[in-house]
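Secondary and tertiary structure notes
Residue strings, one per chain:
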Amino acid sequence: MAALPVPLLALVLLLLAGCGGPGAAGQRRKEMVLSEKVNQLMEWASKRSVIRMNGDKFRRLVKAPPRNYSVIVMFTALQPHRQCVVCKQADEEYQILANSWRYSSAFTNKIFFAMVDFDEGSDVFQMLNMNSAPTFINFPAKGKPKRGDTYELQVRGFAAEQLARWVADRTDVHIRVIRPPNYAGPLMLGLLLAVIGGLVYLRGSNLDFLYNKTGWAFAALCFVLAMTSGQMWNHIRGPPYAHKNPHTGQVNYIHGSSQAQFVAETHIVLLFNGGVTLGMVLLHEAATSDMDVGKRKIMCIAGIGLVVLFFSWLLSVFRSKYHGYPYRYVRL
């Protein structure tokens, strides 16, 4: 092969140096594509904290490289005909989290929040082999989502604070959740104080009701039943009310794990505890009251029946959550 003349060889070398070679051209192309994607996401995020995506947008902005940003995607089904109550509740918390990030002073293009509704992106659900909603997945800046990038909704609940902790673990982006002002609590407290103040004013000369042991015992009992049934868990974790199987349509009110619970489960346990308590009260009254023997026998039988029935149901709930639990009171 004949050698190139020196002037021509120098010209070729200058052209290669100016262009940077094929690798540099590919790198610049990637940078241009990445810049377009980031600018597009920033434009959408400036208008809406949670970016709604269909199949095309998801494949282009989330799945396809290059990408130097993380995307938190909520896969949901918000259309009314889907009847997904949990989806609506989770969406409210998700919006609070996204708004907290969008309007914080630390807002950057390092992370974006997006949503794919089943009726707008059913092909995305099929592509990811997803058959339940709502589901939260973190698509990291590099690589594919790992096991920890799927949010454990049944364990953690969908409260914005819990989602923020998970986002911090997966992306190292710390979001301070700012909830919109809620005046229901102060209004209820003010109403309660007004009622108490009115009672004190109207019965200023007779405050015997404050020393009513039955009233205080009933109030304390209601508080204990609420706490032992798991109301504090609901307040902290924000679990869904129940779970509907998307395939069979069956609704589960009792969570199958001992590490989580539904709101409906709390109400069920409260009812069962209340039934056992009522049975114990009837047994106590039957043993200590001055009523005739016939009425006391009826109260005793009713008390035993309530205790046996509701305690058996409590054990059934316990067995469904702690598989292999060997004890039962009455076979149900």
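For the structure, see preceding data.
Parameters at a glance
Residues numbered from 1 in each chain as written. Predicted model: local features only at pLDDT ≥ 70, side-chain atom pairs only at ≥ 80, totals over all residues. Heavy atoms only, no water. 1 Å grid on protein atoms, 1.4 Å probe; cavity = no way out; pocket = protein on both sides within 12 Å on 5 of 7 lines; lining within 4 Å. Points joined across faces, edges and corners; volume = space filled by probe spheres on them. Helix = DSSP H or I, 4+ residues; strand = E, 2+ residues; numbered from the N terminus. Nonpolar A, V, L, I, M, F, W, Y, C, P; charged D, E, K, R; others polar. Pairing = 2+ DSSP bridges. Axes fitted to C-alpha atoms, helices over the stretch in contact; angles between N-to-C directions. Phe/Tyr/Trp six-rings, centres within 6.5 Å; stacked < 30°, edge-to-face > 60°. Buried < 20%, exposed > 50% of the residue type's maximum accessible area, 1.4 Å probe, protein only. Lys NZ or Arg CZ within 6 Å of the ring centre and 35° of its normal.

Right, let's talk about the layout of surface pockets for a bit. Volume-wise, the second largest pocket comes out at about 330 Å³. Considering the residues around the second largest pocket, the lining is formed by 18 residues, among which Glu-265, Val-269, Phe-318, Lys-321 and Tyr-322 are closest to the centre. Those elements that provide at least two residues to the lining of the second largest pocket are helix H9 (213–229), helix H11 (263–288) and helix H12 (293–321). Ranked by residue count, the leading element in the lining of the second largest pocket is H12, at six residues. Partitioned by chemical class, the residues of the lining of the second largest pocket number 10 nonpolar, six polar and two charged.

Here we come to empty space enclosed by the protein. Within this structure, the stated rule accounts for one cavity of 30 Å³ or more. Of the voids in this model, the largest cavity is the one considered here, and its volume is about 50 Å³. In terms of lining residues, the largest cavity is bounded by Ala-45, Ser-49, Ala-98, Trp-101, Arg-102, Phe-107, Ile-111, Phe-112 and Phe-113. For the lining of the largest cavity, the class distribution of residues is seven nonpolar, one polar and one charged.

Right, let's get into the sheet that holds strand E4 (residues 135–139). Here four strands make up an open sheet; going across it, the order is E1-E3-E2-E4 and the pairing mixed. Looking at which strands have only one partner, the edges of the open sheet turn out to be strand E1 (50–52) and E4. Adjacent strand axes in the sheet meet at a mean angle of 30 degrees when their direction is disregarded. Two strands pair when backbone bridges link them, and strand E2 (residues 70–76) and E4 are joined in this way by five bridges, in the antiparallel orientation.

To continue, consider the packing of aromatic side chains. Tallying each qualifying case throughout the model produces 14 aromatic pairs. Each ring, one from Phe-310 and one from Trp-313, has its centre 5.4 Å from the other, and the planes form 85 degrees; the classification is edge-to-face. With Phe-310 and Trp-313 both in helix H12 and three residues apart, the pair spans about one turn of that helix. Residue classification places Trp-313 among the partly exposed residues on the basis of a relative accessible area of 31%. If you follow Arg-102 out to its NZ or CZ, it ends over the ring of Tyr-103, 5.5 Å from the centre. Directly above the aromatic system of Phe-107 lies the positively charged group of Arg-102, at a separation of 5.0 Å from the ring centroid.

Our focus in this paragraph is unusual backbone geometry. Following Pro-65, the chain continues to Pro-66 via a peptide bond in cis, the omega torsion being 0 degrees. With respect to the helices and strands, Pro-66 occurs in the loop between helix H3 (55–63) and E2. Of the consecutive residues Ala-133 and Pro-134, the connecting peptide bond is found in the cis state with omega at 0 degrees. With respect to the helices and strands, Pro-134 occurs in the loop between helix H5 (122–127) and E4. Phi is positive for Gln-83, close to 55 degrees, though the residue is something other than glycine. On the secondary structure map, Gln-83 appears in the loop between E2 and helix H4 (85–102). By relative accessible area, which is 58% here, Gln-83 ends up exposed. Phi at Asn-129 takes a positive value of approximately 55 degrees, unusual for a residue other than glycine. Mapping Asn-129 onto the fold places it in the loop between H5 and E4. For Asn-129, a relative accessible area of 68% translates into the label exposed.

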